[in-house]
Amino acid sequence: MESMKEDLVGIVGQDNVFDDHATLDAYAKDESFEMGIRPWFVVKPSNADQIQKLVKWANETSTPLVPVSSGPPHFYGDSIPSVAGAVIVDLSGMNKILRVDRRNRVCVIEPGVTYDQLEKELAKSGLRVTMPLLPKKNKSVVASLLERQPTIIPKYQYSLTEPLRNCGVIFGNGEMQYSGEAGNGPYDISTQWKNGSVQIDPKGPSATDFHKLVSGAQGSMGIVFWTSVKCEVLPSTRKLVMIPSDDLHRIIKFAYEISKFRIGDEFVIVNKTQLANIVGKKSEEIQSIKKQLPAWIAIIGVAGRDLIPDEKVNIMVEDIKDFAQKHGLKVETGLPKVSNTQVLDAILNTSDEPYYKYNYKGACQELFFMTTMDKTPRFIDKIYDYADKMAYAANDIGVYIQPLHQGTSCHCEFDFPYDKEEREQVKELYVRASKELIDDGAYYSRPYGLWSSLVFRRDADSREILKKLKKIFDPNNIMNPGKLVV
């Protein structure tokens, strides 16, 4: 252990190696139901050279590495060690915004850059990045994009990894690789900038999308040390409208039509519990708001940019009203105890502290998967049925439907808030629902923990392909072993 510590100190410096009990215990567990193992060390590298040295050292010593870039709390079990003797590679200190290119609407950032940090910096150049719904203030943008967290503007999502474009990666074999147009070289992005390259085309080197090897891989293929991100022009004017209904089927039909014509920017569908969680701060307030709301609410943000922005917004709002009326729905600018300004302010920003899903009962378990919008009512009925059978209050379940990839699919999420007494009950509900929903067509595109075994035991071909790729890019299995496929 002492010789190992000396090696690590030699790579990242004395002040960036931690082995005290409190620090190690903090990285040994998270908010999920997954069981973790205490790491031996936590290291905080400050550049790509140190990361590459760490990876090469890990290969020489057969030491597992677990990359982490977001601050706590963590939720999915992907950033806690699954095997003994691991070293946590905490990338949160690598938080430089390397470039903001207003002309090409792209920025280049290190893995420790958070949404809160990036939004403030981009605003200075009249830009923004499409975010997930209320991410944590300390959520790494790079981690979020690599794990394909759903973003809330489906019309700008041209692939499921959007707005991620290029990456700089140290693979598990110790090799450095640039993906996308950056992979065409030279391997120095400042030189590429001088040569006119802006790291915006995701294909490359040649026609290979190498960033897809690390997307959704939970750090099991390599460590990303920078990423280019496509940005959008910051609107000069905005409006938000809400379409309430007690009939989810009507909202879904409306959602398909709106998605087809790409009207509006932000587009989110939630049940009354989820909306109450978004705008409420305490348990009593959430309960009070929830009682006043309709069962389902579609939330649409409308933005105007450049020429005649106000006229553009007004025309789009009128179009939304026409589509809503066609499906027997009505557009509202506010709901009981919930104003459109309040909702707009919430969805355009990061979550307040504590994380918004914890406001109701102090803890929350997420269950999410990909499907198509027309299938979500069936899944919702099944979840409510499971909850009733297990004596869990179905009315406490937050439901979030996020259209993806220009409306062709969606992220379907169920949030189960719980207190200490309900923990085991929610765990049992989560495990049962996870196992049964996959048989009904739920697609766990981000297969954390339990979901990994459920997914890959049904798809032997994909499992074998992943194992072969792992052998190529991480031949000694040092990158977050035990995740994805084993």
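Residues numbered from 1 in each chain as written. Predicted model: local features only at pLDDT ≥ 70, side-chain atom pairs only at ≥ 80, totals over all residues. Heavy atoms only, no water.

### What to know about the overall build of the protein chain
How we decide: A run of H or I in DSSP becomes a helix once it reaches four residues, and a run of E becomes a strand once it reaches two; helices and strands are each numbered from the N terminus. For the radius of gyration, the atoms used are the C-alpha atoms, and the globule rule reads 2.2 Å times the number of residues raised to 0.38. Relative accessibility thresholds used throughout: buried, under 20% of the residue-type maximum; exposed, over 50%; partly exposed, between the two (1.4 Å probe, protein chains only). The contact criterion used is simple: two residues touch if any of their non-hydrogen atoms lie within 4.5 Å.
When its secondary structure is counted, the protein chain shows 15 helices and 19 strands. In summary, the protein chain has a C-alpha radius of gyration of 23 Å against a globular reference of 23 Å for 486 residues, a match within 12%. Looking at the 486 residues of the protein chain, the share that counts as buried comes to 59%. Considering only contacts within the protein chain whose residues lie at least 6 apart along the sequence, 72% involve residues at least 24 apart.

### Points about the packing of helix α7 (residues 248–261) against helix α12 (residues 376–389)
How we decide: What counts as an axis is a line fitted to C-alpha atoms, over the stretch in contact for a helix, and the angles between N-to-C directions run from 0 to 180 degrees. These descriptions rest on fixed angle ranges, namely under 35 degrees for roughly parallel, over 145 for roughly antiparallel, 65 to 115 for roughly perpendicular, and the rest for oblique. For any helix crossing, the convention is left-handed if the near helix is rotated counterclockwise from the far helix by under a right angle, and right-handed if that rotation is clockwise.
α12 packs onto α7 with a crossing angle of 150 degrees between their chain directions and a minimal axis gap of 10 Å. Looking at the two axes, α7 sits roughly antiparallel to α12. With respect to the hand of their crossing, α7 and α12 are arranged in right-handed fashion. In contact with Leu248, His249 and Ile252 of α7, α12 contributes Thr376, Pro377 and Ile380.

### Section: the side chain of Ser220
The topology assignment puts Ser220 in the loop between α6 (189–194) and β10 (222–230). Given a relative accessible area of 3%, Ser220 falls into the buried group.

### With respect to the pattern of salt bridges
Short version of the rule: Within this document, salt bridges are pairs made up of a side-chain nitrogen of Lys or Arg and a carboxyl oxygen of Asp or Glu, the two lying within 4 Å of each other.
Here the structure, examined in full by the defined rule, presents 32 salt bridges. Taking the shortest distance from any N to any O, the salt bridge between Lys120 and Asp116 comes out at 3.4 Å. With Lys120 and Asp116 both in helix α4 (residues 115–123), this residue pair falls 4 residues apart, about one helical turn. With relative accessibility at 23%, the residue Asp116 sits in the partly exposed group. Between Lys203 and Asp201 there is a salt bridge whose closest N-O contact spans 3.2 Å. Judged by its relative accessible area of 45%, Lys203 falls in the partly exposed class. Three or more residues are tied together by salt bridges with common partners; here these are Arg128, Lys155, Arg238, Asp265, Glu266 and Arg305.

### Notes on the nonpolar core
Buried together is how nonpolar side chains tend to be arranged in soluble globular proteins. To keep it simple, the criterion reads: Only buried residues count toward a nonpolar core. Its members are Ala, Val, Leu, Ile, Met, Phe, Trp, Tyr and Cys residues joined through side-chain atoms within 4.5 Å.
Formed by 118 residues in total, the largest nonpolar core has its most connected members in Leu275, Ile299, Ile320 and Phe414. Other than its neighbours up to four places away in sequence, Ile299 contacts Leu240, Val241, Met242, Glu266, Phe267, Val268, Val270, Leu275, Val343 and Ile347. Val89, Val108, Trp193 and Phe225 belong to the second-largest nonpolar core, a separate cluster that totals 29 residues.

### Details of the pairing of strand β17 (residues 363–371)
Put simply, the rule is: We call two strands paired when DSSP finds no fewer than two bridges between them.
Of all the 9 residues making up β17, 9 are buried; the element is thus mostly covered by neighbouring parts of the structure. Of the two faces of β17, the one carrying Ala363, Gln365, Leu367, Phe369 and Thr371 and the one carrying Cys364, Glu366, Phe368 and Met370 are both buried. In the sheet, β17 pairs with strand β19 (residues 409–418) via 9 bridges, with the strands oriented antiparallel. Following the sheet pairing, Met370 is matched in β19 by His411.

### What about the environment of Val100?
As for its placement among the helices and strands, Val100 is situated in strand β5 (residues 97–101). Residues Val100 and Pro447 lie 347 residues apart in sequence; the distance between their C-alpha atoms is 33 Å.

### Examining the sheet that holds β17
Across the sheet, which stays open at both edges, the 6 strands sit in the order β12-β14-β13-β18-β19-β17 with antiparallel pairing between neighbours. A strand with exactly one partner marks an edge of an open sheet, and here the two such strands are β12 (237–245) and β17. Ignoring which end each strand starts from, the neighbouring axes of this sheet average 20 degrees apart. Bridging between strand β13 (residues 267–271) and strand β18 (residues 398–404) involves 2 bridges; their strand directions are antiparallel. Bridge pairing in β18 links Val270 to Tyr400. Sitting on the sheet, helix α13 (residues 423–439) touches β17 and β19, and the angle it makes with β17 is about 5 degrees.

### A few points about the pairing of β5
Pairing of β5 with strand β6 (residues 106–109), which is carried by 4 bridges, proceeds in the antiparallel orientation. From the neighbouring strand, Asp101 faces β6, where its bridge partner is Val106. Between the antiparallel neighbours β5 and β6 lie 4 residues, among them Arg105 with a positive phi of about 55 degrees.

### Considering empty space enclosed by the protein
For the record, the criterion: A pocket here means an open set of points on a 1 Å grid, computed over the protein atoms alone, that has protein on both sides within 12 Å along at least five of seven lines. A cavity is instead a set of points where a 1.4 Å probe fits but cannot get out; residues with an atom within 4 Å of a point line either one. Grid points are joined across faces, edges and corners, and a volume is the space filled by probe spheres set on the points.
The full count for this structure, using the stated rule, is 9 cavities of 30 Å³ or more. Along the walls of the largest cavity sit 45 residues, with Asp78, Lys139, Ala143, Ser144 and Glu147 positioned nearest its centre. Contributions of two or more residues to the lining of the largest cavity are made by β3 (65–68), α5 (141–146), β10, β17 and β19. With 4 residues, α5 is the largest single contributor of residues to the lining of the largest cavity. There is about 110 Å³ of room inside the second largest cavity. Arg148, Gln149, Pro150, Gln157, Leu160, Phe368, Phe369, Met370, Leu404, His411, Ser445 and Arg446 are the residues that line the second largest cavity. Here the lining of the second largest cavity gets 3 residues from one element, more than from any other, and that element is β17.

### Quick look at the packing of aromatic side chains
The cut-off we apply is this: Think of it this way: a Phe, Tyr or Trp ring, Trp meaning its six-membered ring, pairs with another when their centres are within 6.5 Å, and the plane angle makes it stacked under 30 degrees, edge-to-face over 60, tilted otherwise.
Applying the stated criterion across every chain, the model contains 22 aromatic pairs. For the pair Phe368 and Trp451, a centre-to-centre distance of 5.0 Å together with 80 degrees between the ring planes defines the contact as edge-to-face. Taken as a pair, Phe368 in strand β17 and Trp451 in helix α14 (residues 450–456) lie far apart in primary sequence, 83 residues in all. Across this residue pair, the class does not change: Phe368 and Trp451 are buried.

Structural measurements only, silent on function.
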